[in-house]
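Listed below are the residues making up each chain.
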Amino acid sequence: PHSETYNCSLPVTVTLKDGTKVSKASTTLITPLATDDKSSVLLCSPVTGRTHQIRRHLRDLGHPIIGDSRYGDSKANRAFRTAHNFTCMGLHCLSIALPPSEGVPPIVAPVDHWHEPLAGLRCWEEAGAKDERLHLEKVDYKGGSIGRRSD
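Here, residues in each chain are numbered from 1, in the same order as that chain's written sequence. Predicted model: local features are reported for residues with pLDDT of at least 70 only, side-chain atom pairs are reported and counted for 80 or more only, and whole-chain, interface and lining totals are derived from all residues. Side-chain calculation: all heavy atoms of the structure are included, whereas hydrogens and water are not.

A.B. asks: Tell me what's going on with the environment of Arg55, and back it up with residues and numbers.
C.D. replies: Counting from the N terminus, the helices are the DSSP runs of H or I reaching at least four residues and the strands are the DSSP runs of E reaching at least two. Mapped onto the fold, Arg55 is located in helix 1 (residues 53–60). Assessed through its relative accessible area of 13%, Arg55 is described here as buried. Sequence separation of Arg55 and Gly72 is 17 residues, and the distance between their C-alpha atoms is 8.1 Å. The contact criterion used throughout is that any non-hydrogen atoms of two residues lie within 4.5 Å. If we skip the residues at most four places from it in the chain, Arg55 touches Ile65, Asp68, Arg70, Tyr71, Met89 and Leu91. In this structure the side chain of Arg55 is engaged in a polar contact, spanning 2.7 Å, whose partner is the side chain of Asp68. Note on classification: 1.4 Å probe, protein chains only; a residue is buried when its accessible area is under 20% of the maximum for its type, exposed when over 50%, partly exposed between these limits. Two N or O atoms form a polar contact when they lie within 3.5 Å of each other; inside protein one atom must be a possible hydrogen donor and the other a possible acceptor, and for residues adjacent in sequence the pair counts only when both atoms belong to side chains.

Here is the structure:
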């Protein structure tokens, strides 16, 4: 069980092939898993599929993604990278699923590359207690990756 889910329906500006800029409706569902005084771990589910939608929505809400050089906060990125040796963008597609009618189970992608730099951060540990998918590690079976618990 997660905390309350928020519906972010801010429009996203897109550029058409002819160069015209138009505002398009976009919706992202955002569920905070954990937060502390400086950072949060969020579960974001895009309802629409606009380019950089999650990144833009979080920036527009005043909560840019750590490590995002385009939409993020360069000062916060530098401080987090220095403090935690976190050298990637803090955005990860945790799972993806086809419509239930397809009969294909969701694909879950482990975040094992985050465990070491984020170990000890209270909000990361708290989020892991709420969503066990954050504890998965990569397993390779003949070229295909699935997840298994790392502990």
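Structure's up, so let's keep going.
A.B. asks: Explain helix 1 to me, and be specific about the residues and the numbers.
C.D. replies: Of all eight residues in helix 1, six are buried; the element is thus mostly enclosed. Among all positions in helix 1, only Gln53, Ile54, Arg55, Arg56, His57 and Leu58 are buried. On its buried face, helix 1 sits against strand 1 (6–8), strand 2 (12–15), strand 4 (28–35) and strand 5 (40–46). Positive backbone phi, approximately 85°, marks Gly62, located one or two places after helix 1.

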